[in-house]
Amino acid sequence: MINVNEDAFSSSQVGSKIWLCEELERLGWESHYTYIYAGWYGVTAFLLLSRGNFKVNNIRSVDRDPECEAVADALNNLWVWQRWKFKAITDDCNFIQAPVAPDLIINTSTEHFHSKDWFDNIPAGTRVVLQGNNMPHDDHFSEFDSAEEFASEFNLTTVDFLGTKEFVYPDWSFNRYMLIGTK
């Protein structure tokens, strides 16, 4: 039996990733090689691949928690056996040495990184999709009060999208911010 943190499938987690898919589809981008940093259980990859509206040849989902790899590969099994169109990897995004240079890097968990080494190591000219939020949490190292403040943390040469998605629940709420562009 594989243990899964149910929060990976919460309404805000899934809603944020669907929002990401919708915006990538709207932009009409294509990717030969996408890396998803802090990919957790591979939900972002699953949504991108199953929706079929974003052309991508290969996705690598990177997380430093070794328990995530088996879950992500199981969730995306349809694409694992198809010449490794999808593969989860256990590694540290801050220092990863990709065997093939990605043309798109996605990080929907920027608030979980205690430094920006992962961002600083992305080569100039690489397209990125970044998400962060203003939710206080024990394992969040950064919070942002606005999408503009979030964007100012990550210097991009081109911004193709900047937005806010509000999640309002009966007893609490928070905002998720998304920045899409080229480093």
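All residue numbers here refer to positions counted from 1 along the written sequence of the relevant chain. Per-residue local features are limited, in this predicted model, to residues with pLDDT of at least 70; the limit for side-chain atom pairs, both in listing and counting, is 80 or more; totals at the level of whole chains, interfaces and linings are taken over all residues. Excluding hydrogens and water, the side-chain values take into account all heavy atoms of the structure.

### So, the pattern of salt bridges
Note that side chains of opposite charge can pair when their charged atoms are close. What counts is decided by this rule: Take a side-chain nitrogen of Lys or Arg and a carboxyl oxygen of Asp or Glu: if they are within 4 Å of each other, that pair is a salt bridge. In this text, helices come from DSSP runs of H or I with a minimum length of four residues, and strands from runs of E with a minimum of two, each type numbered from the N-terminal end. For every residue, the accessible area (1.4 Å probe, protein chains only) is compared with the maximum for its type, and the residue is labelled buried under 20%, exposed over 50%, or partly exposed between those bounds.
In this structure the tally under the stated criterion is four salt bridges. Where Arg 51 meets Glu 25, a salt bridge forms, and the shortest distance between an N and an O atom there is 2.8 Å. Separated by 26 residues along the polypeptide, Arg 51 in helix 2 (residues 43-51) and Glu 25 in helix 1 (residues 11-27) bring together distant segments of the chain. Residue Arg 51 is classed as partly exposed on the basis of its relative accessible area of 31%. A salt bridge links Lys 87 to Glu 69; the nearest nitrogen and oxygen atoms lie 3.1 Å apart. Separated by 18 residues along the polypeptide, Lys 87 in strand 3 (residues 86-90) and Glu 69 in helix 3 (residues 66-75) bring together distant segments of the chain.

### Let's talk about the packing of aromatic side chains
Two measures describe an aromatic ring pair: the distance that separates the ring centres and the angle between the ring planes. Here is the rule we go by: Stacked, tilted and edge-to-face are the three classes applied to pairs of Phe, Tyr and Trp rings, where Trp contributes its six-membered ring and a pair requires centres within 6.5 Å; stacked means planes under 30 degrees apart, edge-to-face means over 60, and tilted covers the rest. The criterion is that NZ of a Lys, or CZ of an Arg, lies within 6 Å of the ring centre and within 35 degrees of the ring normal, and then a charge sits over that ring.
For the structure on display, the rule yields 15 aromatic pairs. With 6.0 Å between their ring centres and 80 degrees between their planes, Trp 19 and Phe 161 make a pair best called edge-to-face. On the criterion of sequence distance, the pair formed by Trp 19 in helix 1 and Phe 161 in strand 6 (residues 158-169) is long-range, its members being 142 residues apart. With 5.3 Å between their ring centres and 15 degrees between their planes, Trp 172 and Phe 174 make a pair best called stacked. For Phe 174, a relative accessible area of 2% puts it in the buried group. The structure contains a cluster of three or more aromatic residues connected by ring pairs, namely Tyr 37, Phe 113, Trp 118, Phe 119, Phe 144, Phe 150, Phe 154 and Tyr 177. Over the aromatic face of Trp 29 sits the side chain of Arg 127, whose NZ or CZ is 4.1 Å from the ring centroid. Taking the ring centre of Phe 119 as reference, the NZ or CZ of Lys 183 above it sits at 4.7 Å.

### Comments concerning the pairing of strand 2 (residues 55-63)
Put simply, the rule reads: At least two DSSP bridges between two strands are required for those strands to pair. A right-handed crossover is one whose linking path, passing over the helix from the first strand to the second, runs clockwise when the strands point away from the viewer.
By the criterion of burial, strand 2 is predominantly enclosed, with seven of the nine residues buried. One ladder, built from seven bridges, connects strand 1 (residues 30-37) with strand 2; its direction is parallel. Opposite Tyr 35, over in strand 2, you have Arg 60 as the bridge partner. Handedness of the crossover joining strand 1 and strand 2 through helix 2: right-handed. Judged from the five bridges that link them, strand 2 and strand 3 form a sheet pairing that is parallel. For Arg 60, the partnering residue across the bridge sits in strand 3 and is Lys 87.

### Comments concerning the environment of Thr 126
This is how it is decided: In what follows, a contact means two residues having at least one pair of non-hydrogen atoms within 4.5 Å. Any N or O atom pair separated by 3.5 Å or less is treated as a polar contact, with the protein-specific requirement of one donor-capable and one acceptor-capable atom, and with residues adjacent in sequence counted only for side-chain atom pairs.
Residue placement: Thr 126 occurs in the loop between helix 5 (117-120) and strand 5 (127-133). In this structure, the C-alpha to C-alpha distance between Thr 126 and Ala 88, residues 38 residues apart in sequence, is 21 Å. Among residues more than four places away in sequence, those in contact with Thr 126 are Pro 102, Asp 103, Leu 104, Ile 105, Gly 181, Thr 182 and Lys 183. A polar atom in the side chain of Thr 126 sits 2.8 Å from the backbone oxygen of Pro 123.

### Comments concerning the side chain of Ser 109
Mapped onto the secondary structure, Ser 109 falls in the loop between strand 4 (104-107) and helix 5. For Ser 109, a relative accessible area of 12% corresponds to the buried category. The contacts of Ser 109, once residues within four sequence positions are left out, are Ala 38 and Gln 131.

### Topic: the state of the cysteines
Counted only if it meets this: Throughout, disulfides are identified as pairs of cysteine sulfur atoms within 2.5 Å of each other.
All chains considered together, the criterion is met by zero disulfides. Free cysteine: Cys 68, not disulfide-bonded; nearest cysteine sulfur from Cys 93 at 11 Å. In this structure Cys 68 comes out as buried when scored by relative accessible area, which is 2%.

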